[in-house]
Amino acid sequence: MGLGRLFGRRRRGGRFKAQEINVKLGFPLIGEISGTWQPDDVERQAAWELYVELATRVSVIELGEDEGLLREALSSLYTMFGTTREILRRYGPAVAPHVAPGQVTFGVLAVNVLNLSIRPLLSRWHPLLTAHEAKRPENVDPVTHDRQWERAAELRAEIESVRQVLTSLSKALREVAGVADLLTVRVPTQATPAGRPPR
């Protein structure tokens, strides 16, 4: 996804808030959703809430080849439905107003990410993974069984595609909310003086 140039930003309470951004979300095998987003304050609040959810989930953190369980990743993605529904209900129609062609809203982006990216992944892979998990011998731990699955790499690749969509969405949400990057920025560690135990 590309976040286009900011057409205008305003500063309020020490934060810069985008008045208008270009958003483009690419969906494998489907195409893309793109348009201009002109968020109001209600959409900014909703954007912040969904951004926090994305920034703190397994589903948006890159899953290394020998890291995590596939079930954890799918479960994290599944919970996005309930979370997103709750945010949409809480803020109501204000986050999904009628807009001109070529424009998008919080509601349009959030619902389409669920229906065009997360839902197809879960619909295909949840039953396949469940069937594989049911075959685990008692003497094999879940991690080993997970890694031995012949389709594990294929599922990991599709999870990564969805993660890319969610990462792109999170960038748009961050711009709209006017907050710092919580996904990639790391606080540098400070050296502990010799002889002093770490706190």
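Every chain begins its residue count from 1, and numbering advances along the sequence as written. Predicted model: local features are reported for residues with pLDDT of at least 70 only, side-chain atom pairs are reported and counted for 80 or more only, and whole-chain, interface and lining totals are derived from all residues. Remark: hydrogens and water are excluded; side-chain values derive from all non-hydrogen atoms of the structure.

1. A few points about helix 2 (residues 70-91)
- Only DSSP runs of H or I with at least four residues qualify as helices, and only runs of E with at least two residues qualify as strands; both kinds are numbered from the N terminus onward. Multiplying 1.5 Å by the helix residue count minus one yields the expected span of that helix. The terminal C-alpha atoms of helix 2 lie 33 Å apart, and with 22 residues this matches the ideal 32 Å at 1.5 Å per residue to within 8%.
- Those residues of helix 2 that are buried lie in contact with helix 1 (41-55), helix 3 (106-134), helix 4 (142-148) and helix 5 (152-177).
- Positive phi appears at Gly92, one or two residues downstream of helix 2, with a value of about 70°. It only takes one pair of heavy atoms within 4.5 Å for two residues to be counted as in contact.

2. Concerning the pattern of salt bridges
- We count a salt bridge whenever a side-chain nitrogen from Lys or Arg sits within 4 Å of a carboxyl oxygen from Asp or Glu. Overall, the coordinates contain 9 salt bridges when judged by the stated rule.
- Between Arg90 and Glu86 there is a salt bridge whose closest N-O contact spans 2.9 Å. Of this pair, Arg90 and Glu86 are both found in helix 2, 4 residues apart, which corresponds to roughly one turn of the helix.
- Look at Glu86 and you get partly exposed, because its relative accessible area is 38%.
- One salt bridge connects Arg124 with Glu158, and the closest N-O pair in it is separated by 2.4 Å. With Arg124 in helix 3 and Glu158 in helix 5, this pair connects stretches of sequence that are 34 residues apart.
- The buried label applies to any residue whose accessible area, calculated with a 1.4 Å probe on protein chains only, is under 20% of its type's maximum; exposed applies above 50%, and partly exposed to all values in between. Residue Arg124 is classed as partly exposed on the basis of its relative accessible area, which comes to 35%.

3. Things to note about the confidence of the model for the protein
- Looking at any residue, its pLDDT shows the predictor's confidence there, from 0 to 100. Taken residue by residue, the protein gives an average pLDDT of 85. The fraction at 70 or more is 79%.
- Contacts of residues 1-14 to residues separated by more than four positions or lying in other chains number 44 contacts, the stretch itself having pLDDT below 50.

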